[in-house]
Amino acid sequence: MYTGTPGKENVWGSLIYQQDVEKREDNATFHFYLTRKELITANFDLSKLDHHNAKTMKEKMHHCESPMEGFLVLLSEIIADFLKKIDKFEVKLHTLLWEIKENNRTKILDRAAAVDHELLVWKNLLIPIEETQMAVEEAFGEQTTQGEQFKRATCRINRAKTLLDAYEGEIKSVLNLENLISTHRGNEITKTLTVITTLFAPATAFAAIWGMNFKHMPELEWQFGYAFSGILIVIGTVGLYFYLKSKGWMGDLLNTKSKKSFFK
């Protein structure tokens, strides 16, 4: 991207300045070649930027004193366009944060993954622009870095980086929360099935015994054998329930969940 000797420095390359977050092939790339005396761009379509940004960029570039300043205006306005779209991303993230609490379902996890992917797209777009800004600084030195346009471009790049880093932390927290909720829910389901299986163990055991076809089974001849077996099964089940509860193994299995709880 940066080549040349003192007095003949040049910066060149390609940048994606528009990218659809859903479709990989739906993007816009422009090519540039920058020296101390000239700026050449190819395939740069101003209509793809916000109208205000395109108009502002034309006015600012018209009043620039050097090609380097003009190029920095171009980078600055591209970042400004990014920042407007990142603001819309912020709204999506804010909505997702509250929907996780109100309606924690698989669809919400899908949306969290989609938001995380969109964040990666924005960071992927920002990195080459930041590299280009560094290449301009390296190539043209203090003459460029002290200028107003360089400072503005640097400020906007840093602002975008700060926002994306902060959003990345929020998304990680969202995914960790979703993982915690899903793990807790899975544990609760497993515990419920285990407790139910354990409580019905006496009934299963007695049913297995009395379902045998041995010739000599005196209980089959008892007048109150049916009532005795029923009472024995109930006593065994209730006794096992209170034993599990005394050990604390029932947890909050039978408790009603609060409507404000995350773990519904």
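For the structure itself, look to the data block above.
Residues numbered from 1 in each chain as written. Predicted model: local features only at pLDDT ≥ 70, side-chain atom pairs only at ≥ 80, totals over all residues. Heavy atoms only, no water.

A.B. asks: Is there a simple way to think about the pattern of salt bridges in this case?
C.D. replies: It is possible for side chains bearing opposite charge to pair when their charged atoms get close. A complete count under the given rule lists eight salt bridges for this structure. Measuring nitrogen to oxygen at the nearest pair gives 3.4 Å for the salt bridge that ties E77 to R156. Placement of E77 in helix 2 (residues 67-102) and of R156 in helix 5 (residues 148-199) is noted, with a sequence separation of 79 residues between them. Looking at R156, the relative accessible area reads 19%, which means it is buried. (Salt bridge = Lys/Arg side-chain N within 4 Å of Asp/Glu carboxyl O. Helix = DSSP H or I, 4+ residues; strand = E, 2+ residues; numbered from the N terminus. Buried < 20%, exposed > 50% of the residue type's maximum accessible area, 1.4 Å probe, protein only.)

A.B. asks: It is not clear to me how a nonpolar patch on the surface should be interpreted in this structure. Could you clarify?
C.D. replies: Among the surface-exposed residues, W12, Y33 and I40 lie close enough to one another that they form a single nonpolar patch of about 290 Å² accessible area. Looking at the element boundaries, W12 is found in strand 2 (residues 10-19). By relative accessible area, W12 is classed as partly exposed at 40%. (Patch = residues over 30% accessible without salt bridge, like charges linked within 9 Å, V, L, I, M, F, W, Y side chains within 5 Å. Areas by Shrake-Rupley, 256 points an atom, 1.4 Å probe, with all protein chains shown as cover.)

A.B. asks: Looking at this model, I keep getting lost on the packing of aromatic side chains. Mind explaining?
C.D. replies: Aromatic ring pairs are described here by two measures, namely the spacing of the ring centres and the angle between the planes. With the rule as written, the count across this model stands at eight aromatic pairs. When the centroid spacing of 6.0 Å and the interplanar angle of 45° are considered together, the rings of F30 and F32 count as tilted. For F30, a relative accessible area of 0% puts it in the buried group. F32 gets classed as buried once you look at its relative accessible area, which sits at 4%. Ring centres of Y241 and F242 lie 5.2 Å apart, and the angle between their planes is 75°; this geometry places the pair in the edge-to-face category. An aromatic cluster of at least three residues, connected via ring pairs, comprises Y17, F30, F32, F44 and F71. (Phe/Tyr/Trp six-rings, centres within 6.5 Å; stacked < 30°, edge-to-face > 60°.)

Bear in mind that shape data such as this cannot, by itself, settle questions of function.
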